[in-house]
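# Geometric and topological summary
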Amino acid sequence: NTDVEQIAHDKMGGTLLKRGTNYDIATIKNERQRIADNINDAGYYHFTKDYVFFEIDTFHNTHDVDVRVKLATYYDSVEFKKYTIDNITIVQDYNPDQNALMQSKKDTMQLGDYTFLYQKYKFRSQALLNYIYFNKDSLYSKHDYLATIQKLSELGEFRFINVSFQDKFITDSVYKLNCQITLSP
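What counts and how
- Residues numbered from 1 in each chain as written.
- Predicted model: local features only at pLDDT ≥ 70, side-chain atom pairs only at ≥ 80, totals over all residues.
- Heavy atoms only, no water.
- Helix = DSSP H or I, 4+ residues; strand = E, 2+ residues; numbered from the N terminus.
- Buried < 20%, exposed > 50% of the residue type's maximum accessible area, 1.4 Å probe, protein only.
- Polar contact = N/O pair within 3.5 Å; in protein donor to acceptor, adjacent residues only side chain to side chain.
- Contact = heavy atoms within 4.5 Å.
- 1 Å grid on protein atoms, 1.4 Å probe; cavity = no way out; pocket = protein on both sides within 12 Å on 5 of 7 lines; lining within 4 Å.
- Points joined across faces, edges and corners; volume = space filled by probe spheres on them.
- Nonpolar A, V, L, I, M, F, W, Y, C, P; charged D, E, K, R; others polar.
- Patch = residues over 30% accessible without salt bridge, like charges linked within 9 Å, V, L, I, M, F, W, Y side chains within 5 Å.
- Areas by Shrake-Rupley, 256 points an atom, 1.4 Å probe, with all protein chains shown as cover.
- Salt bridge = Lys/Arg side-chain N within 4 Å of Asp/Glu carboxyl O.
- Phe/Tyr/Trp six-rings, centres within 6.5 Å; stacked < 30°, edge-to-face > 60°.
- Axes fitted to C-alpha atoms, helices over the stretch in contact; angles between N-to-C directions.
- Parallel < 35°, antiparallel > 145°, perpendicular 65-115°, else oblique.
- Left-handed = near helix turned anticlockwise from the far one by under 90°.
- pLDDT = per-residue confidence, 0-100.

## A few points about the side chain of Thr 84
Note on placement: Thr 84 falls in strand β3 (residues 83-91). You can call Thr 84 buried: its relative accessible area is 18%. Looking at Thr 84, its side chain comes within polar contact range of the side chain of Lys 176, at 3.3 Å. What Thr 84 contacts, discounting residues up to four positions off in sequence, is Asp 137, Ser 138, Leu 139, Tyr 140, Tyr 175, Lys 176 and Leu 177.

Structure (structure tokens):
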């Protein structure tokens, strides 16, 4: 058993597939995404639903269908590596109408493990951290990614919000992501 298989197994209590219900392709697709999301939340940034598949058995000549969840077996690939967050940069006043040179001329402020870049608009940086769910050295989590976007959107201060990640090679056994949060007031 790999860590990924163990996570999928441990989270089966929340399965959308229930004994005695009708076979439904939409439920199968949703279950596939649910499993991938749980694995993402455990730090597996590159893991996607494409690595989850199902064996469907109708051999018994009854109206029942046996469904088995399977995961892809190439565990040495990057999709099966656990990532932690490294640098976190927040660009507070991104303007898509400015050229790259103007965008690069920003002031920098360091607040704990967070780097803030701004030109004119300076949102209260400490307050902004209440809406960012990533911390340096924490495992990547799709849930934290979505919660960050949702909470920043709820502020009503930004027209555009983008959270992006970039792989950062450390060693063959340490996988890190740089996170950039780009906000356009």
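Next comes the rest of the account.
## Digging into the layout of surface pockets
Taken as a whole, the largest pocket holds about 640 Å³ of empty space. Lining the largest pocket are 19 residues, with Lys 18, Arg 19, Gly 20, Val 65 and Val 67 positioned closest to its centre. The set of elements that each furnish at least two residues to the lining of the largest pocket consists of α2 (25-41) and β2 (66-71). If you tally residues by element for the lining of the largest pocket, the top one is β2, at four residues. When its residues are assigned to classes, the lining of the largest pocket shows eight nonpolar, five polar and six charged.

## Some details on a nonpolar patch on the surface
A cluster of nonpolar side chains, Tyr 23, Ile 25, Ile 56, Val 65 and Val 67, forms an exposed patch at the surface whose accessible area comes to about 400 Å². Following the sequence through the fold, Ile 56 ends up in strand β1 (residues 52-57). Residue class for Ile 56 comes out partly exposed when judged on its relative accessible area of 37%.

## Describing the packing of aromatic side chains
Per the counting criterion, the structure on display carries 10 aromatic pairs. On the basis of an interplanar angle of 40 degrees and a centroid distance of 5.5 Å, the ring pair of Phe 47 and Tyr 51 is categorised as tilted. Grouping residues by exposure puts Phe 47 and Tyr 51 together as buried. Linked through ring pairs, Tyr 45, Tyr 83, Phe 134, Tyr 140, Tyr 145, Phe 165 and Tyr 175 together constitute an aromatic cluster.

## Section: the packing of helix α1 (residues 3-10) against α2
With their axes 9 Å apart at the nearest point, α1 and α2 run at an angle of 120 degrees to one another. By the angle class used here, α1 and α2 are oblique. The crossing of α1 and α2 is right-handed. In this structure, α1 uses Val 4, Ile 7 and Ala 8 to contact α2, whose residues at the interface are Ile 35, Asn 38 and Ile 39. The residue inventory of the contact of α1 with α2, partitioned by class, reads five nonpolar, one polar and no charged.

## Considering the confidence of the model for the chain
Predicted coordinates in areas of low pLDDT are best not read in detail. On average, residues of the chain score 84 in pLDDT, and 89% of them reach the 70 mark or higher. By mean pLDDT, helix α3 (residues 100-104) is the weakest element of the chain at 55, and helix α5 (residues 142-154) is the strongest at 96.

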